[in-house]
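Topology and contacts: notes
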Amino acid sequence: MNLFTEYPETELRYLPRAAVIECCAEVDLLEVVEDALVRHGTGQTILPEEAYLGWRTASGAAARALAMPGGLRDGDRLVLGLKTINSSLGNPALGLARSQGLLMMFDPDVAWPRTVMESAYLSAMRTAAVTAVTARLLGRPGMSRAAVLGCGTLAKAHLALLPVSEVCLYDLDRARAEALAEAVRDELDVTVADDAESCVRDRDLVITVTTVTEGYLPYEWLSPGALVAHVSLDDVLPGVVRDAALVVVDDWDLVRQDRRRLLGRLYRAGRLLGPDGGACPGVTPDPRARPVDTTLARVLTGAHPGRADPGDVILSNPFGMSILDIALGQAVEAVAARRGAGIRLPM
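Residues numbered from 1 in each chain as written. Predicted model: local features only at pLDDT ≥ 70, side-chain atom pairs only at ≥ 80, totals over all residues. Heavy atoms only, no water.

Considerations on the overall build of the protein
Summing up its helical and strand segments, the protein has eleven helices and 18 strands in all. The globule rule puts the C-alpha radius of gyration for 347 residues at 20 Å, and the 21 Å found for the protein is close to it. By principal-axis analysis of the C-alpha atoms, the protein measures approximately 70 × 50 × 45 Å. The 347 residues of the protein split such that 50% are buried. Summarising the internal contacts of the protein: among those between residues at least 6 apart in sequence, 61% fall at separations of at least 24. Accessible area of the protein: about 16100 Å², with a carbon and sulfur share of 52%. Of the side chains in the protein, 35 bear a positive and 45 a negative charge, and the two mean positions are spaced by 3 Å. (Helix = DSSP H or I, 4+ residues; strand = E, 2+ residues; numbered from the N terminus. Rg over C-alpha atoms; globule rule 2.2 N^0.38 Å. Buried < 20%, exposed > 50% of the residue type's maximum accessible area, 1.4 Å probe, protein only. Contact = heavy atoms within 4.5 Å. Areas by Shrake-Rupley, 256 points an atom, 1.4 Å probe, with all protein chains shown as cover. Lys, Arg positive; Asp, Glu negative; His and termini not counted. Charge placed at Lys NZ, Arg CZ, Asp CG, Glu CD.)

Overview of the side chain of His158
One can find His158 in helix 4 (residues 153-161). You can call His158 buried: its relative accessible area is 1%.

Looking at the packing of aromatic side chains
Under the defined criterion, the tally for this structure stands at one aromatic pair. Arranged with centres 5.1 Å apart and planes meeting at 90 degrees, the rings of Trp252 and Tyr267 form a pair that is edge-to-face. On the criterion of sequence distance, the pair formed by Trp252 in helix 8 (residues 252-257) and Tyr267 in helix 9 (residues 262-268) is long-range, its members being 15 residues apart. On the basis of relative accessible area, Trp252 is assigned to the buried category, the value being 12%. (Phe/Tyr/Trp six-rings, centres within 6.5 Å; stacked < 30°, edge-to-face > 60°.)

Re the pattern of salt bridges
Per the counting criterion, the structure on display carries 26 salt bridges. Between Glu34 and Arg136 there is a salt bridge, with the nearest N and O atoms lying 2.5 Å from each other. Taken as a pair, Glu34 in helix 2 (residues 29-41) and Arg136 in helix 3 (residues 120-138) lie far apart in primary sequence, 102 residues in all. Its relative accessible area of 22% is what places Glu34 among the partly exposed residues. Across the pair Asp243 and Arg242 runs a salt bridge, and its minimum N-O distance is 3.0 Å. Looking at Asp243, the relative accessible area reads 31%, which means it is partly exposed. Residue Arg242 is classed as partly exposed on the basis of its relative accessible area, which comes to 49%. Overlapping salt bridges bring together Glu22, Glu26, Arg338 and Arg339 as one network. (Salt bridge = Lys/Arg side-chain N within 4 Å of Asp/Glu carboxyl O.)

Focus on the sheet that holds strand 11 (residues 205-208)
The strand order across the open sheet built from eight strands is 10-9-8-11-12-17-13-16, with neighbouring strands paired in parallel fashion. Two strands in the sheet have a free side with no partner beyond their single neighbour: strand 10 (189-192) and strand 16 (294-295). In this structure, strand 13 (residues 246-249) lies alongside strand 16, joined through two bridges in parallel fashion. Its bridge partner lying in strand 16, Val249 is registered against Thr295. Where helix 5 (residues 174-184) meets the sheet, its contacts fall on strand 9 (166-170) and strand 10, and the angle it forms with strand 10 comes to roughly 170 degrees. (Pairing = 2+ DSSP bridges. Axes fitted to C-alpha atoms, helices over the stretch in contact; angles between N-to-C directions.)

Following this line, the structure appears as structure tokens:
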């Protein structure tokens, strides 16, 4: 006797990468991301701590898995999901993308997974959309010249959405930078730098999308008025955090809880304070410690004025919020349902 056949069979919609890309073409990524940021800033989201699992592969490469749940309120309904994104620094040598993962969307009433979609593409476009929104909010007037450090998947996503006309690229692997430059040459005025410093100098917008775990970018490289989109979280040196006119995060709690990335380390060392001026519990703050100034949501909603002067250097440190992936997942799921896209799998 089978004791597990008393329930009706249900289906799950699976969207592989090709289907996700097709559905995303019908979604205004920036609009969805802005709306989710505003909802976060007005208390209409659920953002638990993420889970982190790190290990070494058989070849010795650093690898990790992230599990990021979250939810948003959409009127009287909940939009719920979980993103998993895994990566290995050894993958490029194997001819594989560094990161891959899945986004699960949940039925809020019965709690079961309803849709599963490839999440690496969605995650990259979400990240680039946050940078584009940040550039619009905090970039100096007339911003047109960008530097992109790191020329992998995230760089490609950013070049598709950047609000600039001229881009300088740098990667430790020059061939990778040259290949990316060639791919976008018809759309952008693009050059390839010989080193990170020459890439960054005299640029309005500096975007770090690398895999480094130790900083290398000093404040002195930055031109007056530069906006640094610190996407990869460990590129700038502490002096950039100390001397920037404005330090902006997407969510302070995520930064505060983190122990691995620069801002979390500075907080635990007493060299960075929270937006309320609070120090890490049990830590005596450095007399020169500065606070995080605000969040993207507060700038979007007008609760913070944002840039005060065209010459101000601004550091944006977006830790990455699952609710943005889930908001995009909801939009993609709606397009997929309308088009009948994806593969129906029995549960």
